[in-house]
Every structure is written in C-alpha cells, then in structure tokens.
Amino acid sequence: MTMTAPDSWTSRLSHDGRELAFVDLGHVFGPDLARVPHVLRLLAENIARCMTGAPRDEALAAMRAWTLTRTSAAEVDFTPNRLLMHDTTSTPALVDLAAMRDCLVEAGHDPTALAPVLPVEVSVDHSLAVEAFAVPDAVARNEERELRRNAERFSFLKWAATAMPTVHLNPPGTGIMHTINLEQLASVSEVHDGFVRPDVMLGTDSHTPMVGGMGVLGWGIGGLEAELVMLGLPTTLRIPDVVGVRLVGRLPEGVTATDLALTLTALLRELGVGGDFVEFHGPGMSTLTVGQRAVVANMAPEYGATTGHFPVDEAVLSHLRLVARGRVDPGLVEAHHRAAGLWFDPEVDPDYTRTVEVDLAAVRRTLAGPRRPQDALAPPDVPAVLEPPRPRDTDTLPTTPVALASITSCTNTSDPAQLVAAGLLARNARRHGLTSKPWVKTSMAPGSPAAQRYLHRSGLLDDLASVGFDLVGFGCTTCIGNSGPLPEEVDAARRAGRAQPVAVLSGNRNFPGRVHPDLSTGFLMSPALVVAYALLGDAARDVESTTFGMSADGREVRLADLMPTDEEVATATAEAVDSSDFPAAFHAAHASPRWAALEAPTGATFPWDPASTTLRRPPFARAEVPRLEPFTAHPLLVLGDDVTTDHISPASAIPPDSPLADFLVQQGEDRDDLGVLAARRGNWDAMVRGAFFNRTMVNDLVTAGAPGTTRHADGSVGPVFEVAGRYAADGTPVVVVAGERYGMGSSRDWAAKAQHLLGVRAVLAASFERIHRTNLVGMGILPLLLPPDVRRAIGPLDASDRFVVEVDPARLRPGGTVTVRHERADGVLAQLSLTAAVETSVEVDLLRSGGVIPMILRRWTGRG
C-alpha cells in the first residue's frame, strides 16, 4: 500500500545508509501518546498510512478521542500488509474465487481481474493425520498417506498459486501456519516504497494472534471476510475496547507458559473480553520470552478476545536474532519502534478500558478440562471431574484410560523450551525404566521442522522415542482432530461401556468430539505433562502425588523426580537450539521431491471434475441470491450453550456410520479410508451433509434422536440435511435457535456456509463468538441476540413453531432492533424486540447484498 499520510504525521530516520519515512505517532497523538495502548497506536499508524481524505481525519480524531472515554462506537478501516491461511480454510476461499472467475467468464469479463492484491501465504498444515505412531518412520508413512489422500486438493492449491501470482504455498512438512509466522514470515518492521511500517496482518485461523507474542498486530478472520481482504477491500471494525493485563512478578520454579496461558484463559473468560483487544504490559512482561508470550497470545480466541498482544521490546529482538538471522534486521526494528512511539516501556501503564493485574508468582501448574479450554484445574482436581474417578490397577486397562497423549499444536510446540522440557522429562523416565502404557496412543507433531534438528542435536529425540513419543510429522494433527483411529483395546472397551477414554494434549481446544469424534473428555496441558500422563495411562490418577514406578534403588518415582528444573531446561535449550535450524529445516521441506512431482492444471480458470468428491463448484457463488427481506421460518435446530464450530461443521475423521459416509460410498469412496471432513471443504455436497453431525450435540427438537437428526414441522424425524431439503422444496426458510457463545472455536467459514445451504436465514442466540458471527453475515445470515431471560419466557420450542422475522433492510443499522413474532401451533403469540448482532455499516451492506460473494460479483461485473 503506497504511503498517503501527510508530512505533518511523518518523520524520517537514517538506517544502514537509507533515509526512511515512517508515521510518527507522537505527531498523531501529541502529548497523550503514553496514554494510548500499543494496539491502538498500531491501528492509528495503519489508518494514517492507508486511509485517505476526510474519512482518515475523522478516524484519527476518533482514535484521539478514545483516550478520553476509553471506548468508542466509531468505525475505522484496517488494511493488512499480508494474509495468512491454512490449507483447509484457503481451499474453500480459493474455490470461491475460482467459481467467481467462472461467473466473470460467463458474464463476458476477464477472469484474471479477480485475484488477490496482497501477499497470501498458504500453509498446508491441517491435513496430516496420526496413523503411524511410536515407530521411527512414522513421519514418512503419515506424509505419504497425506499426499495420497489429498492429492486432488493439493493440486488445486498448486493451480491457485500459479493462476494467482500473489498466492504462495508452503507445502506439507514446513510446519504449522502460526509457527511459520513466528519463524519465517513475521518481520515486525518492514520497508515498503521508501517507508518503514509495522508488520500488521490477518489470518484465516482464530489463533492468528499468536504472532502478537512478538509484537505483530494480527487477528483471525473468517474465510469470507478474507475474500474481501484478498481483493483489496479493508476490514472495517469498531475502535475496540482494550483490556490491559498488567503483569508483575516472575513465574515460579516449574511453572510453564502453558500454565500461565490456561490461568489467563480462565480469568479473562470470567472477566468477559469478547470482541476486545487484550494487551499485556507491566514489569512482569519483561521476564517472559517471546516463546512464552506466544503461548499466551495464541489462546486469545479461548479467552474470547479478538487479539492478545505483547508490545515490542528487547525480547523480540533476541527472538529475531535466533529465528530470522539474515532475513530481518533487528536494528531496524528497534530504531523504527523507538522513533515511531511503539517501543515498550515496562514502567509506563497506558490507559485501558479495563485493567486487571496478574502476579506471575501466584501462577501454579494448571490443566484445562474436561470439555472447555477455560475450565482451569489444578492437577489434583482432575480425578474429581471424571466418572468414575477411582484409581485402577496400572497393569490393566483402567476405566478412564489415557487413549491419546499428543504433543501437538502451535500453541506450545512453537516454544523450543516446552519441547526441551518434555524431552528432559522423557530422559528422566527412561533412566528410571519407565515408558508409556501400552494402550496409550502417543504422538509428537511439532509446529516447526526445526524441532527435529535441535531435539536430535541434544539427544532428546531418542529419549522421547524411548517412551513412545516418536515424531509423526509437522502439522496440527490431534489438535485439529486428525488424531487417527483409537487404539483397538481402548475403543473396544469404550464400545462395551467399560471405559471412558480420555485425551491429553498440548493443544488449545478440548471440545467434545473435536480431538476425536468418539471422545468427549480431554485435558489441555504442557508438553511435559502430556508425557507424564502417558506414563501413568490413567487420567483418574493425580499426576503430582501418584507413584509412576520404582527406581533401581527401590525408591518410588514421582513427578517431582521426573520434572526438570527451570535451569536444566534453560541450559539444555541454549545448547540444543541453533539459529541455522529454522531456515534450513524450512527450506528443506520446500524442496520435497514428492511435492514437486505433484501435477497441477494451468490456466486462468479451474477445470472442475463433475465426478470429484473433493472439489465442486459451489452453488452460492453467484451474483443473484435472495436479498435480506422479511420472512417466516420454522426452527431447524434448537440448541443450548457452547455450540462450537466443531458441532456445526466438524473437521475430524468422517464417521463411517454417518449419512455423509453413506453418500461418499455411493460416489465410489472406500468406507474405511474416508479421511477427515476438513479435507472435503472444497466439496459443498459433502460439507452440507456433514453439518451438525456431532455425537455430543444436543438438539432439543429430538431429545432422543440419533446424531445429526432433527424434527420437521410435520413431526417426522430425519437427518438435518434431509429435513432442510424438505423445507427448501417447499420454499420455507428455517432458523437456528441457540444459547451462549454460539460458534465458539475455529474460524471455519463452512460453519456458516453449511447453514446457508441448509436454508438458514437467521440465527437467534444469546451470544455469538466474533468470527462465526462475521461468517454468518458473510453468508447473508442475520444474527439476532436472543437474551436468556427472553428465551426462558418463550419456553420449550416445537418444530411446528414459526418465527416471523420482520427485518427491514432499509432501516437495519448496527446494533439495531428487529421485531420477531413467535407463533405457536396452538395460537399463542409472543412479540420480541431482538438486537441485530451487526457491528458495522459494512456488515449491514453485506446482509443487504446477500453476503460477500454476491457483493463481489456485482461489483466486478458492474451490476451493483
């Protein structure tokens, strides 16, 4: 983006023989600069540089006024420098663009006119499944299966990278997108057109804020919003409330970044920071490494915030010297941030909408579970939340067996110290003759291939393998639901009702059915504790007090004997990690011969295969769709609190007994090799059939129904897809009714697309998670707030009830009121005044247009 800020807001600095201009925030905010949170300084810099004319002046005036009220209703534009996507979100977004190119051709326009105008990095990290494990060649075997199963989808991504030059692919094996961001992409400051500007970005994954651990402003958006950003349209947002978390003290011995992140997740969820920006500050921040900060920032969607941010200081420069040597100039980063007014001062406390102080010294070892990441627990409390909680003989399968123990996810494995700690615990266990229990499926999938190098250099790779934690690949794996099949012994006991299997993982989410469709119980924890639980094998035993076994000298071995000290971890990490590991491993993965051999089509438009079960031209990719107008609908589903995007549009393994499996088998697929739903996101026919098929989801319209079923207004029960199809055949719209936090979890646009294809015109919920709400709007679905007291007053709902939604598109405003009349079959009426969960004028325009894709197509064809 060319610099447009007036000279009065810019200054110049000399660095490395260059004269560079930059936005001087001291000129923008004047003497109030020290009062302004760093996230708002970065937002103001972006406004000054990228907006123009009167809108820019008004936006900056609103930013300055924020310091008086510490809140604002003003809307501003944000223009990212770059966009980051993973393969299973980029696939549907790029499928949409490919389908829109077809529409342009059919309308007589040049299809190449529709292409991303900013750099788009795609990481292939969401496909890898844990099938081979606890064997030396697990990486090669799992990667071979990944390429075989996903060849068609990967070929499509290769086509997109050729047809759209700003799209760049990071192939399988390069790591998880957020780790790649921390190690290979983020620059903190960058030079463009003679200006030095902050590195600001957006990503189509809710954990994009992880890069905030190194001072880069970024947050997650849905794939539909990303399509607008790709094509050069800014993101419009209300100037956010900013919650300051003032850190004091220092983490005590043996307490990890995971413990801090889970403690903060519980605290901030309870405080209520939904949609806010969270900024960490205070003297305690200076005691944390970038690796530790990144763990906390990664969990922003779990504590409900739009982003979690740590400003730039010396720790960021140290991180850049380690992972980005030769790619980023730390001297420029420091000079720019100091001159621009972006450098962190631990003695200065800016003004925040709200502030909470956290004493790092008070944080203790923490887990989260059994079903939500905000449910923090001390280890001794775990047995009490399991049924039954009684301990079992360790030589036989317990009633609460640890079925999956996975060192996984960018959340914790991006920090080398966390992996080194797990390796040292494994080394100590090996010395005591301990190993994982035979019924535990163990796996280690770091966020970066560099981990293989530094763990090998230190000898810790062998120690981890000795207790079952061989490398299985470099990707999201278990954290995203690609955990592969359960151990047969455990699964047989589960099916017989003799066991309640448990997952333990170093990930960020443990929603029922997310890690594995047959598991409803899981705990989040540090990588070292994952190893410890695998050694125990029984989740109902207190990991801190129980005996792991006997040492050679006859002493009982406990966790304290296995857990390394902080000094041991720091020393081993410093000796193991070399700055050459990061670029060398990354570039080696890019040079994969298998990836290079994968063929892909060429040309401006994609050649769709009508027989494909992976890629289909979506029916919603067209300019003319039903616009926002009053309608009368039946409830398709009536749901409770905490319905996640994993409930709405699962990503894990396709259940072989599901209607989707039946459909795919009819298309010639092997029922025993269907892979995961996330790999089918380019095929709308499959995705709509997989929607709402989650064994743990409760639909009040069919309290005793099979998974994925609902009731029609005539009283009959059937799969959600079939019931919705009957309504569509009659021209009858439907709505979804839900409770608090509807759509929490991953930022998958298919959770909204599937509801659109099911005929859902509105969702009535007590509250919405931010990204899912924007995705609903992006598909032309009206989100309405149904307060809990109003929901209770309505009483039980029946499929024959009708909701008359009297929405007036001409009068719809952000936060405006919509009249909804609830009509029962017995004639009882209730008139409701519901608030539209619509935050900006751009969202109003999207709803009036029928969503993102119709708006884009009408603009590109000059029809609206």
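Here's what I pulled together on the structure shown here. (Residues numbered from 1 in each chain as written. Predicted model: local features only at pLDDT ≥ 70, side-chain atom pairs only at ≥ 80, totals over all residues. Heavy atoms only, no water.)

## Digging into the overall build of the protein chain
Part 1 of the argument: For the protein chain, the count of helices and strands is 31 helices and 32 strands.
Part 2 of the argument: Overall, the protein chain is about 80 × 70 × 55 Å in size when its C-alpha atoms are taken along their principal axes.
Part 3 of the argument: A total of 864 residues make up the protein chain; the buried ones form 64% of that total.
Part 4 of the argument: Restricting the contact set of the protein chain to residue pairs at least 6 apart, pairs at least 24 apart contribute 77%.
Part 5 of the argument: About 28,600 Å² of surface is accessible on the protein chain, with carbon and sulfur atoms providing 50% of the total.
Part 6 of the argument: Separation of charge centres in the protein chain, based on 77 positive and 103 negative side chains, amounts to 2 Å. (Helix = DSSP H or I, 4+ residues; strand = E, 2+ residues; numbered from the N terminus. Buried < 20%, exposed > 50% of the residue type's maximum accessible area, 1.4 Å probe, protein only. Contact = heavy atoms within 4.5 Å. Areas by Shrake-Rupley, 256 points an atom, 1.4 Å probe, with all protein chains shown as cover. Lys, Arg positive; Asp, Glu negative; His and termini not counted. Charge placed at Lys NZ, Arg CZ, Asp CG, Glu CD.)

## Remarks on the sheet that holds strand S31 (residues 817-823)
Sheets are built from strands that pair by backbone hydrogen bonding, the pairs being arranged parallel or antiparallel.
Part 1 of the argument: Taken together, the 7 strands give a closed barrel; going around it, the order is S24-S27-S28-S29-S32-S31-S30, and neighbouring strands pair in mixed fashion. Recorded for the sheet is a direction-independent mean angle of 35 degrees between the axes of neighbouring strands.
Part 2 of the argument: Bridge analysis of strand S28 (residues 760-765) against strand S29 (residues 782-785) gives 4 bridges, and the strand direction is parallel. Residue pairing in the sheet places Val763 in a bridge with Pro783 of S29.
Part 3 of the argument: Against the sheet, helix H26 (residues 720-729) makes contact with strand S24 (631-638) and strand S27 (734-737), and its axis sits at roughly 170 degrees relative to S24, the strand it touches most. (Pairing = 2+ DSSP bridges. Axes fitted to C-alpha atoms, helices over the stretch in contact; angles between N-to-C directions.)

## Things to note about the environment of His647
Part 1 of the argument: Assignment of secondary structure puts His647 in helix H23 (residues 645-648).
Part 2 of the argument: Once the C-alpha coordinates of His647 and Glu183 are considered, the two residues, 464 residues apart in sequence, prove to be 33 Å apart.
Part 3 of the argument: Look past the residues within four positions of His647 in its chain and what remains in contact with it is Pro512, Asp642, Phe692, Phe693, Asn694, Thr696 and Met697.
Part 4 of the argument: One polar contact links His647 to Thr696, side chain to side chain, over a distance of 3.3 Å. (Polar contact = N/O pair within 3.5 Å; in protein donor to acceptor, adjacent residues only side chain to side chain.)

## Here's the deal with helix H30 (residues 841-849)
Residue pairs three or four apart in sequence face the same way in an α-helix, which turns once every 3.6 residues.
Part 1 of the argument: Buried within H30 we find Glu843, Val844, Leu846, Leu847 and Ser849.
Part 2 of the argument: Where the residues of H30 are buried, they touch helix H7 (223-230), helix H28 (770-778), S29 and helix H31 (852-860).
Part 3 of the argument: Immediately downstream of H30, the backbone of Gly850 shows phi near 90 degrees, a positive value.

## Focus: the pattern of salt bridges
Part 1 of the argument: Counted under the stated rule, the structure contains 54 salt bridges.
Part 2 of the argument: Salt-bridge contacts for Arg617 lead to Glu106; the nearest nitrogen and oxygen are separated by 2.9 Å. Pair noted here: Arg617 is in the loop between helix H22 (593-597) and S24 and Glu106 is in helix H4 (residues 87-106), with a separation of 511 residues, a long-range link.
Part 3 of the argument: Note on Arg617: relative accessible area 31%, which makes it partly exposed.
Part 4 of the argument: Assessed through its relative accessible area of 57%, Glu106 is described here as exposed.
Part 5 of the argument: Residues Asp491 and Arg495 are paired through a salt bridge, measuring 2.6 Å at the closest nitrogen-oxygen approach. Of this pair, Asp491 and Arg495 both sit in helix H17 (residues 488-495), separated by 4 residues, roughly a single helical turn.
Part 6 of the argument: Via salt bridges that share partners, Glu488, Asp491, Arg494, Arg495, Asp518, Asp657 and Arg695 belong to a single interconnected network. (Salt bridge = Lys/Arg side-chain N within 4 Å of Asp/Glu carboxyl O.)

Note that every value here comes from positions in space, so none of it alone points to a role or purpose.
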